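# Secondary and tertiary structure notes
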There are 2 protein chains.
Amino acid sequence: MAGKKVLIVYAHQEPRSFNATLKNVAVEELSQQGCTVTVSDLYAMGFEPRATKDDITGPLSNPENFNYGVETHVAFKKRALTSDIVAEQKKVQEADLVIFQFPLYWFSVPAIMKGWMDRVLCQGFAFDIPGFYDSGFLKTKLALLSLTTGGIASMYTKASDHGDFRYLLWPLQHGTLHFCGFKVLAPQISFAPEYSSEEDRKAMVASWAQRLKSLWQEEPIQCSPPWYFGQ
Amino acid sequence: MAGKKVLIVYAHQEPRSFNATLKNVAVEELSQQGCTVTVSDLYAMGFEPRATKDDITGPLSNPENFNYGVETHVAFKKRALTSDIVAEQKKVQEADLVIFQFPLYWFSVPAIMKGWMDRVLCQGFAFDIPGFYDSGFLKTKLALLSLTTGGIASMYTKASDHGDFRYLLWPLQHGTLHFCGFKVLAPQISFAPEYSSEEDRKAMVASWAQRLKSLWQEEPIQCSPPWYFGQ
């Protein structure tokens, strides 16, 4: 949709990877629609995942007993967060939609992307107490997880070893994105590209490109326990 | 229990924190029992959370299309992983019990600890295909999550905003630890120490110390969907 702004937070080390292809296809398709697309290529940026004192410029409010959540909340209000966090917050603030593109690592995002969440989505910027879930500060925005897996789809059912795929989305979609207010679009899951034929890989890319054409008409999921765990 | 070896993987920036106290109490109590206790203090170590090419020493098997999982699997077999990963794997290999001590960040571990999981628990070392869940390579070992929360206990029930606390443990306890074969002991959850009285904080520390006295007699949880999501 022309005029919309999209941020793609992207975590893969290899520009020739399947994740890179999915990211590139999203950039192309959304740009063609007239959207402004920004990519945060976390590995290429050498993004810092560790939450430390270095995230606060100037004096700490309690240097004797460092509390990351408290100090970053204060620093956000004083405009004393480090520049890489501020830059990412600006991108989020401007975006109508944030897409997270990543390979599933241990039923979650790779550490470099977890670090983006830990550091960028700080109190005061993304939420406050009160001011979370449906009142989260990013409530006018959409978010979408686009991920690849190692395992094939049949390994992620209620009766199989990995359990239903939705179980593992709870901390990310609900505990993080919804907590900050994001309306969550259905995840785009590309199962086991490594173990798929070239034809199947192409079909997965085409399916993502096709979905993006009507993405702005989609309704967000009902991000609450029934969606994840059934009734 | 005399003779047992324990690894504590610890992620807090502040030696005066409540997390540090819980870690210190575990070191004291387990040492008094005659256990050998090793602590990986991730922030103090400046532990690297990012999964990159730098984790492999010597030539890559496919430098044209870098695949982290494949390359680290090969590197593990060729003893070509970087020294910080090898050091952590040695600690895990020697341990009878691994305790993870951390504050909950976004319904999960802080990025620095996620990076420990991403990088240390590589294919060939912690699991293989086949060789996961009950056949995972760490199946003779116990694991336990000891964590603190920002929110109070009543926020983590089925009917409340955060949902049942067990929901968020699925990716960590099942998708990561159980996948590698670990028998998982019940989590130690210290709710909202920041918002608790000094007396309540002391009671939480005492409760952890007390539990550690009979930890070796505990039965692991049944790490499958019913424990997490009910029937």
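Keep in mind that this is a model prediction, so the values were computed, not measured. In this numbering scheme, every chain counts its residues from 1 along its sequence in written order. As a convention, the first chain written is A and the first ligand written is 1, with the rest following in written order. Only residues with pLDDT of 70 or above have their local features reported here, since the model is predicted, and side-chain atom pairs are shown and tallied only from 80 upward, although totals for entire chains, interfaces and linings are computed over all residues. Working from all heavy atoms in the structure, the side-chain values ignore hydrogens and water.

### Some remarks on the overall build of chain A
- Starting at the N terminus, helices and strands are each numbered in turn, a helix being any DSSP run of H or I of at least four residues and a strand any DSSP run of E of at least two. Secondary structure summary: chain A contains eight helices and six strands in total.
- Secondary structure elements of chain A, listed N to C terminal, follow the sequence β-α-β-α-α-α-β-α-β-α-β-β-α-α.
- Radius of gyration (C-alpha) of chain A: 18 Å, near the 17 Å computed for a compact globule of 231 residues.
- Projecting the C-alpha coordinates of chain A onto the three principal axes gives extents of approximately 55 × 40 × 30 Å.
- Exposure is judged per residue with a 1.4 Å probe applied to protein chains only, and the accessible area is read against the type maximum: over 50% gives exposed, under 20% gives buried, and values in between give partly exposed. Here chain A holds 231 residues, and the buried ones make up 58% of them.
- Think of it this way: Lys and Arg go in the positive column, Asp and Glu in the negative one, and His and the chain ends go nowhere. The atoms used to mark charge sites are NZ of Lys, CZ of Arg, CG of Asp and CD of Glu. Charge centroids of chain A, computed over 22 positive and 24 negative side chains, lie 5 Å from each other. It is over C-alpha atoms that the radius of gyration is taken, and the globule rule equals 2.2 Å times the number of residues to the power 0.38.

### Focus: the pairing of strand β1 (residues 5–10) of chain A
Residues and elements named next belong to chain A.
- Most of β1 sits out of view: five of its six residues are buried.
- The handedness of a crossover follows from its direction of travel: if, with the strands pointing away from the viewer, the path from the first strand over the helix to the second runs clockwise, the crossover is right-handed. Assessed by its sense of winding, the connection that carries the chain from β1 through helix α1 (residues 18–32) to strand β2 (residues 36–41) is right-handed.
- In this analysis, strands are considered paired if DSSP registers two or more bridges between them. Sheet analysis places β1 next to strand β3 (residues 97–103), joined by five bridges and oriented parallel. Bridge assignment links Y10 to a residue of β3, and that residue is Q101.

### Focus on the pairing of β3(A)
Residue and element names in this part refer to chain A.
- With respect to burial, β3 is a largely interior element, seven of its seven residues being buried.
- As paired strands, β3 and strand β4 (residues 142–148) are joined by seven bridges and run parallel to one another. Note on β4: the bridge partner recorded for P103 is T148.
- In terms of handedness, the path from β3 via helix α5 (residues 111–120) over to β4 forms a crossover that is right-handed.

### Details of the environment of A:N67
- Tracing the backbone through its elements, the reader meets A:N67 in the loop between α2 (42–45) and α3 (68–77).
- Sequence separation between A:N67 and A:K53 is 14 residues; the distance between their C-alpha atoms is 9.0 Å.
- A distance of 3.3 Å separates the side chain of A:N67 from the side chain of B:E194, its partner in a polar contact. The term polar contact refers here to a pair of N or O atoms within 3.5 Å; inside protein, the definition further demands a hydrogen-donor-capable atom paired with an acceptor-capable atom, and it admits residues adjacent in sequence only when both atoms are side-chain atoms.

### What to know about the interface of chain B and chain A
- Whether two residues are in contact is decided by their heavy atoms: any pair within 4.5 Å suffices. Contact residues are listed per partner, giving 51 residues for chain B and 51 residues for chain A.
- Each of two parts loses accessible area, computed with a 1.4 Å probe, when they are put together; buried area is these two losses added. Between chain B and chain A, roughly 4,200 Å² of surface is buried when both sides are summed, and carbon and sulfur atoms account for 61% of that area.
- Its largest share of buried area at the contact with chain A, chain B owes to B:R50, B:W106 and B:K114, together 19% of the area lost on that side.
- Every case where a carboxyl oxygen of Asp or Glu lies within 4 Å of a side-chain nitrogen of Lys or Arg is listed as a salt bridge. Along the contact surface separating chain B from chain A lie zero salt bridges.
- Applying the counting rule to chain B against chain A returns 24 residue pairs in polar contact (both at pLDDT 80 or more).
- When residues in the side of chain B that touches chain A are grouped by element, the largest group, seven residues, is from helix α6 (residues 165–178) of chain B.

### Observations regarding the state of the cysteines
Residues and elements named next belong to chain B.
- The definition used for a disulfide is geometric: two cysteine sulfur atoms within 2.5 Å. Tallied over the entire structure, the rule returns zero disulfides over all chains.
- Free of any disulfide, C122 has its nearest neighbouring cysteine sulfur in C180, separated by 9.7 Å.
- Residue C223 stays outside any disulfide, its sulfur separated by 11 Å from that of C180, the closest cysteine.
- The buried category is assigned to C223, whose relative accessible area is 10%.

### Regarding the UniProt feature "domain: Flavodoxin-like fold" (unreviewed entry) in chain A
- UniProt positions are given in the numbering used here, feature names are shortened, and annotations may be inferred rather than shown by experiment. Those places that UniProt annotates as "domain: Flavodoxin-like fold" (unreviewed entry) correspond, in this numbering, to residues 4–212 of chain A.
- Between the first and last C-alpha atoms of residues 4–212 of chain A the distance is 13 Å; the span itself is 38% helix and 15% strand.

### Looking at the relation of the copies chain B and chain A
- Each copy is superposed on the other by least squares, with the fit set by C-alpha atoms of residues at a pLDDT of at least 70 in both. Expressed as a screw transformation, the operator carrying chain B onto chain A has a rotation angle of 180° and an axial translation of 0.0 Å, and the superposed copies differ by an RMSD of 0.0 Å. A rotation of that kind, with that shift, is consistent with a two-fold axis. Minimal C-alpha distance to the rotation axis in chain B is attained by B:A111, lying at 2.5 Å.
- Comparing contact sets, 100% of the residues at the interface of chain B also lie at the interface in chain A, consistent with an isologous, same-surface contact.

### Re the pattern of salt bridges
- All chains considered together, the criterion is met by 22 salt bridges over all chains.
- Notably, a salt bridge pairs A:R50 with A:E48, separated by 2.7 Å at the nearest N-O pair.
- One salt bridge connects B:R16 with B:E14, and the closest N-O pair in it is separated by 3.3 Å.
- Of the residues examined, B:R16 reaches a relative accessible area of 53% and is grouped as exposed.
- In the salt-bridge network here, residues are joined through shared partners; they are A:D55, A:D84 and A:R119.

### Quick word on the side chain of B:R119
Residues and elements named next belong to chain B.
- Along the chain, R119 falls in helix α5 (residues 111–120).
- With a relative accessible area of 2%, R119 lands in the buried category.
- Here the side chain of R119 touches D84 through a polar contact of 3.1 Å, side chain to side chain.
- The residues contacting R119, other than those within four sequence positions of it, are F47, E48, P49, R50, A51, D55, Y68, T82, D84 and I85.

### Here's the deal with the nonpolar core
- Core analysis: the biggest nonpolar cluster contains 116 residues, and A:F100, A:F102, A:W116, B:F100, B:F102 and B:W116 have the highest contact counts within it.
- For A:F100, the contacting residues outside a window of four places in its chain are A:V9, A:M113, A:W116, A:M117, A:L144, A:L145, A:S146 and A:L177. Here, nonpolar core refers to any group of buried Ala, Val, Leu, Ile, Met, Phe, Trp, Tyr and Cys residues whose side-chain atoms link them within 4.5 Å.

### Re the packing of helix α4 (residues 83–94) of chain A against α5(A)
All names here are of chain A.
- Orientation is described by lines fitted to C-alpha atoms, with helices fitted over the stretch in contact, and by angles between N-to-C directions that extend from 0 to 180 degrees. Two elements in contact, α4 and α5, have axes whose closest approach is 10 Å; the angle formed by their N-to-C orientations is 90°. Between α4 and α5, the angle falls in the class roughly perpendicular. Across the interface between the two elements, D84, I85, E88, Q89 and V92 from α4 touch W116, R119 and V120 from α5.
- Only Asp, Glu, Lys and Arg are considered charged, only Ala, Val, Leu, Ile, Met, Phe, Trp, Tyr, Cys and Pro nonpolar, and every remaining residue, Gly among them, polar. Here the contact of α4 with α5 is composed, by residue class, of four nonpolar, one polar and three charged. Angle categories: roughly parallel below 35 degrees, roughly antiparallel above 145, roughly perpendicular from 65 to 115, and oblique for all the rest.

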